[in-house]
Amino acid sequence: MPQSLHHKYGHIIFSTKNRQPMITVDLEPRLFEYLGGIVRGLDARVVEINGTANHVHLLIRESKSVADRDFMGQLKGDSSHWVNSSFCNRPRFSWQGGYGWFSVGPADLDGAVVYVRNQKEHHKEVSFEDEFRAFLRKYGVEYDERYVWD
């Protein structure tokens, strides 16, 4: 086959450092727009972005040219640098060290979009920690609780 074809979706979840409520109402739309620009610059496509004051969810069509680890390093590094250089009157902004990246099949994409869009409502009753643990269980990810949070 002379052509390389690629059609994968990912649901990426990560929080602010120590889950501090750093994503304020005024920062959120600009941050989500900036994250989207980074995603596009990494040859991926944004399907949906949302979150709360302490974490974000990105639903993307994954890049076929950038490894996940490099993708996440640039996404988190560039966005935290941008926040800190653009909003000097804020406390120092940083993301947690880790992240979750979960596969989403095309048949499940619509449900994942609804889930990401409803984050604020969802988190009126469920903490970020409980939500993340549920994703780890759902996807069968083995983890040590001591190393999940920072």
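Student: Is there a simple way to think about the pairing of strand E1 (residues 9–15) in this case?
Tutor: Within a regular strand, the side chains alternate between the two sheet faces. The element E1 is largely enclosed, with a buried count of seven among its seven residues. Side-chain alternation along E1 places Tyr 9, His 11, Ile 13 and Ser 15 on one buried face and Gly 10, Ile 12 and Phe 14 on a second face that is also buried. Strand direction decides the pairing type here: E1 and strand E3 (residues 55–61), joined by seven bridges, are antiparallel. Paired with His 11 across the bridge in E3 is Leu 59.

Student: What is the right way to read the side chain of Gln 119 from this model?
Tutor: When you line up the elements, Gln 119 lands in helix H4 (residues 119–122). Here Gln 119 is in contact with Asn 50, Gly 51, Thr 52, His 55, His 57 and Glu 131, once residues within four sequence places are set aside.

Student: Where do I start with the sheet that holds strand E2 (residues 45–52) in this structure?
Tutor: The strands that make up a sheet are held in pairs by hydrogen bonds between backbone atoms, and each pair lies either parallel or antiparallel. Here four strands make up an open sheet; going across it, the order is E2-E3-E1-E4 and the pairing antiparallel. Looking at strand neighbours, the two that pair on one side only are E2 and strand E4 (100–104), the edges of this open sheet. Going across the sheet, the axis of each strand differs from the next one's by a mean of 15 degrees, ignoring polarity. Two elements, E2 and E3, share seven bridges in a ladder whose sense is antiparallel. Note on E3: the bridge partner recorded for Ile 49 is Leu 58. Packing of helix H2 (residues 68–86) onto the sheet brings it into contact with E1, E3 and E4, and relative to E1 it is tilted by some 45 degrees.

Student: Any chance you could explain unusual backbone geometry here in plain terms?
Tutor: Excluding glycine, residues mostly carry a negative phi; peptide bonds, for their part, are mostly trans. A positive phi angle is found at Asn 18, which is not glycine, with a value near 55 degrees. Along the chain, the position of Asn 18 falls in the loop between E1 and helix H1 (28–41). Not every positive phi belongs to a glycine, and Asp 43 is a case in point at roughly 65 degrees. Among the structural elements, Asp 43 can be located in the loop between H1 and E2. Here Asp 43 falls in the partly exposed class, since its relative accessible area comes to 47%.

Student: Explanation requested: the packing of H1 against H2 in the structure shown.
Tutor: When two helices pack together, their arrangement is captured by the angle between the axes and the distance separating the axes. Two elements in contact, H1 and H2, have axes separated by 10 Å at closest approach and are oriented at 140 degrees. Read as a crossing pair, H1 and H2 show a hand that is right-handed. Residues Arg 30, Leu 31, Tyr 34, Leu 35, Ile 38 and Val 39 of H1 pack against Phe 71, Gln 74, Leu 75, Asp 78, Ser 79, Trp 82 and Val 83 of H2. Counted by class, the contact of H1 with H2 contains nine nonpolar, two polar and two charged residues.

Student: Please clarify how the nonpolar core should be interpreted in this entry.
Tutor: Core analysis: the biggest nonpolar cluster contains 25 residues, and Leu 31, Leu 58, Phe 71 and Leu 75 have the highest contact counts within it. Going through the elements one at a time, E1, H1, E3 and H2 are the ones with two or more residues in this core. Counting residues in each nonpolar core, the second largest holds eight residues, with Ile 13, Phe 102, Phe 135 and Trp 149 among its members.

Student: Which parts of the structure should I look at to understand the pattern of salt bridges?
Tutor: Oppositely charged side chains can form a pair if their charged atoms are brought close together. The full count for this structure, using the stated rule, is eight salt bridges. When the shortest N-O distance is used, the salt bridge between Arg 133 and Glu 145 registers 2.8 Å. Here Arg 133 is found in helix H5 (residues 128–138), whereas its partner Glu 145 is found in the segment after H5, with twelve residues between them in sequence. We classify Glu 145 as partly exposed; its relative accessible area is 32%. For Asp 144, the salt bridge identified is with Arg 146, shortest N-O distance 2.5 Å. The partly exposed category is assigned to Asp 144, whose relative accessible area is 32%. Under the relative-accessibility criterion, Arg 146 is labelled exposed at 60%. Where salt bridges share partners, they join Asp 130, Arg 133 and Glu 145 into one cluster.

Cut-offs used in this document
- The numbers attached to residues start from 1 for each chain and follow its sequence in the written order.
- Totals for whole chains, interfaces and linings use all residues, but because this is a predicted model, local features are given only for residues with pLDDT of at least 70 and pairs of side-chain atoms are given and counted only at 80 or more.
- Processing note: side-chain calculations cover all non-hydrogen atoms of the structure and skip hydrogens and water entirely.
- Think of it in three bands: residues with accessible area under 20% of the maximum for their type are buried, residues over 50% are exposed, and the middle band is partly exposed, with areas taken using a 1.4 Å probe on protein chains only.
- In this text, helices come from DSSP runs of H or I with a minimum length of four residues, and strands from runs of E with a minimum of two, each type numbered from the N-terminal end.
- Should DSSP find at least two bridges between two strands, the strands are regarded as paired.
- Any pair of residues with heavy atoms lying within 4.5 Å of one another is described as a contacting pair.
- Every axis corresponds to a line fitted to the C-alpha atoms, with the helix fit spanning only the stretch in contact, and the corresponding angles, defined between N-to-C directions, vary from 0 to 180 degrees.
- Each crossing gets its hand from how the near helix is turned against the far one by less than a right angle, where anticlockwise is left-handed and clockwise is right-handed.
- Polar here means any residue outside two lists: the nonpolar Ala, Val, Leu, Ile, Met, Phe, Trp, Tyr, Cys and Pro, and the charged Asp, Glu, Lys and Arg; Gly therefore counts as polar.
- Only buried residues count toward a nonpolar core, which is a set of Ala, Val, Leu, Ile, Met, Phe, Trp, Tyr and Cys residues joined through side-chain atoms within 4.5 Å.
- By salt bridge we mean one thing: a side-chain nitrogen of Lys or Arg within 4 Å of a carboxyl oxygen of Asp or Glu.

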